[in-house]
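# Results of the structural survey
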Amino acid sequence: MKIGIITGANSGLGYASTQKLLKEGYYIYMACRSEEKTLEAIKSFDPQLRDQVEYVHCDLSSFDSIRECATYVLNKEKQLNVLMLNAGLMATPPSETKEGYEMQIGVNVLGHALLADLLVPLIKTTPDARVISLSSVASNSGRPLQKQMLKLTKEYRPWQSYSNSKLGDVYYAKALAQYFREQDIDALSIAAHPGGTASQLQINTRKMGGVGISGPFWVYVMKFFGMTIHQGALSQLMGVLSSEVKNGDYIGPKGSGSAFKGNPKVIENYSVSQSELDDFRTLLKTELGLQHF
Ligand SMILES: NC(=O)c1ccc[n+]([C@@H]2O[C@H](COP(=O)([O-])OP(=O)(O)OC[C@H]3O[C@@H](n4cnc5c(N)ncnc54)[C@H](OP(=O)(O)O)[C@@H]3O)[C@@H](O)[C@H]2O)c1
């Protein structure tokens, strides 16, 4: 049986991905921060699928929690076919992770990078393993991460930080792909963006407040024009299930880095300069003490 871990699996795109992979016969660890919400999500699955799924606590805003999650899976499994780095927060009010990083950068990029790093030993022993990183069209207005952008500052702008974090997710996927290549690891690191999908993401942004009228605006845009979670999840699922995708690919609706909806395809002509990737790798490696990056 193939084994997967999906972060933020209790809601939205992570939930839809979990459901699909259970149907495909995977055993899925739902790595989530709320036990209550995750058990509710598990209850909603077809009863025949429920013994293929398990909750594991993972709060990506705490390195201790991430380490505990990884240790739990490392102690139980000898393979890891899929690691879907899906959880995310968007345009949060000024806030910090337990280790003092700006919340969006900390959860969307750094927490995931640490989790993946701890799990690489399992990925190494699994032929054709897949690591999927969730980006967004917002990455188009993102700036490459630099050390001073990792922490909360007085100049903090919620939407800009979200865009920066989602560009960071593409860079992360590309850099991990390079690491897999260098180390001759039989695994694919892939970035995917869903397009526009009505989920809790926009609702949580509005609930948290701090972005004025743009909070409710995006709830209504997605409600009326966005995709369902099952349509939106097709890009990240293509990263897992397709035999056509290659290490370092970036997948999005219509094969575009800016499409709002449509069937997923590999995005052509998306490139990151080698010097930017090198800087990104050095930054994350040093900041987090990564061993496999
Ligand atoms: N929806 C879109 O249109 C869209 C577009 C582009 C990219 N994306 C990306 O897609 C991914 C999934 O988003 P979604 O739309 O499915 O949103 P969602 O329904 O809000 O799901 C987000 C998930 O992330 C979890 N999460 C948030 N903070 C966490 C933390 N500190 N530790 C662990 N889990 C945490 C949430 O947990 P709780 O339920 O406990 O809050 C939830 O399970 C995100 O990375 C997002 O940036 C979405």
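Residues numbered from 1 in each chain as written. Predicted model: local features only at pLDDT ≥ 70, side-chain atom pairs only at ≥ 80, totals over all residues. Heavy atoms only, no water.

### Topic: helix α7 (residues 214-225)
For α7, spanning 12 residues, the distance from its first C-alpha to its last is 16 Å, which sits close to the expected 16 Å at 1.5 Å a residue. Every buried residue of α7 is listed here: Ser-214, Gly-215, Val-219, Val-221 and Met-222. Taken end-on, α7 shows its buried residues confined to a sector of 165 degrees, consistent with a single buried face. The outward face of α7, more than 90 degrees from its buried face, is lined by the exposed residues Lys-223 and Phe-224. On its buried face, α7 sits against α5 (158-182) and α6 (200-208). (Helix = DSSP H or I, 4+ residues; strand = E, 2+ residues; numbered from the N terminus. Expected span 1.5 Å × (residues − 1). Buried < 20%, exposed > 50% of the residue type's maximum accessible area, 1.4 Å probe, protein only. Arc of directions from axis to C-beta. Contact = heavy atoms within 4.5 Å.)

### Remarks on empty space enclosed by the protein
Under the defined criterion, the tally for this structure stands at one cavity of 30 Å³ or more. Roughly 30 Å³ of internal volume is contained in the largest cavity. Surrounding the largest cavity, Leu-85, Asn-108, Val-109, His-112, Ser-133, Leu-134, Asp-169 and Tyr-172 form its lining. Listed by contribution, the elements that provide at least two residues to the lining of the largest cavity are α4 (103-124), β5 (129-134) and α5. Ranked by the residues each element gives to the lining of the largest cavity, the list is headed by α4, at three residues. (1 Å grid on protein atoms, 1.4 Å probe; cavity = no way out; pocket = protein on both sides within 12 Å on 5 of 7 lines; lining within 4 Å. Points joined across faces, edges and corners; volume = space filled by probe spheres on them.)

### Some points on the layout of surface pockets
Each pocket or cavity is described by its volume, and for the largest pocket that value is around 950 Å³. In this structure, the largest pocket is lined by 42 residues; those nearest its centre are Ala-87, Gly-88, Leu-89, Ser-199 and Leu-201. Elements with a minimum of two residues in the lining of the largest pocket: α1 (12-23), β2 (27-32), α5, α6 and α7. Broken down by element, the lining of the largest pocket gets its largest block of residues, five residues, from α6.

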